[in-house]
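# Structural description and commentary
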Amino acid sequence: HFNSGAFLGSFSGYSPVLRVVSVSTLGVSLVFWFLVFQWLIPGRLIPLRLALSLALAGILGNVIDRISRG
C-alpha cells in the first residue's frame, strides 16, 4: 500500500515543477506568518516563541523533505 499523506499528498498528481512551486509557496507563507507572530508576541513570552520556532522547524523540515524526495 502507498500512503499518499493527508495534506501534502494532495500535490502528488501535479507535475514536478508545479509541485515544487506549490510546496515552496506554502513554506514561504509559513515563514512570513511566523515572523509576523514573532513580532506580535511580547518579549517576555520566551517559551511561546521557542515553541513556535520548534513547530516551524518541523514544518519546514517536512516541506524540504517533500520537495527533495517528491
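Quick look at the structure, then.

About the criteria used
Residues numbered from 1 in each chain as written. Predicted model: local features only at pLDDT ≥ 70, side-chain atom pairs only at ≥ 80, totals over all residues. Heavy atoms only, no water. Helix = DSSP H or I, 4+ residues; strand = E, 2+ residues; numbered from the N terminus. Buried < 20%, exposed > 50% of the residue type's maximum accessible area, 1.4 Å probe, protein only. Contact = heavy atoms within 4.5 Å. Areas by Shrake-Rupley, 256 points an atom, 1.4 Å probe, with all protein chains shown as cover. Axes fitted to C-alpha atoms, helices over the stretch in contact; angles between N-to-C directions. Parallel < 35°, antiparallel > 145°, perpendicular 65-115°, else oblique. Nonpolar A, V, L, I, M, F, W, Y, C, P; charged D, E, K, R; others polar. Patch = residues over 30% accessible without salt bridge, like charges linked within 9 Å, V, L, I, M, F, W, Y side chains within 5 Å. Salt bridge = Lys/Arg side-chain N within 4 Å of Asp/Glu carboxyl O. Phe/Tyr/Trp six-rings, centres within 6.5 Å; stacked < 30°, edge-to-face > 60°.

## Quick look at the overall build of the chain
Secondary structure summary: the chain contains two helices and zero strands in total. Counting across all 70 residues of the chain, residues that qualify as buried make up 16%. The long-range fraction of contacts in the chain, counting pairs at least 24 apart against all pairs at least 6 apart in sequence, stands at 43%. Just so you have it, the chain exposes about 5,400 Å², and 71% of that area is on carbon and sulfur atoms.

## Structural notes on the packing of helix 1 (residues 16-40) against helix 2 (residues 46-69)
Interhelical geometry of helix 1 versus helix 2 gives an angle of 170° and a closest axis separation of 10 Å. As judged from the angle between their axes, helix 1 and helix 2 are roughly antiparallel. Residue-level contacts link Val20, Val23, Ser24, Gly27, Leu30, Val31, Phe34, Phe37 and Gln38 of helix 1 to Arg49, Leu52, Ser53, Leu56, Ile59, Leu60, Val63, Arg66 and Ile67 of helix 2. Looking at side-chain class alone, the contact of helix 1 with helix 2 contains 12 nonpolar, four polar and two charged residues.

## Structural notes on a nonpolar patch on the surface
A cluster of nonpolar side chains, contributed by Phe32, Trp33, Phe37, Trp39 and Leu40, occupies part of the molecular surface with about 670 Å² of accessible area. Following the sequence through the fold, Phe37 ends up in helix 1. Phe37 gets classed as partly exposed once you look at its relative accessible area, which sits at 45%.

## A look at the packing of aromatic side chains
This model, assessed by the stated rule, comprises two aromatic pairs. Consider the rings of Phe32 and Trp33, whose centres lie 5.2 Å apart with planes at 75°: the pair is edge-to-face. Both rings, one in Trp33 and one in Phe37, keep their centres 6.4 Å apart while their planes meet at 40°; by these two values the pair is tilted. Here the residue Trp33 and the residue Phe37 both occupy positions in helix 1, the gap between them amounting to four residues, near one helical turn. Judged by its relative accessible area of 47%, Trp33 falls in the partly exposed class.

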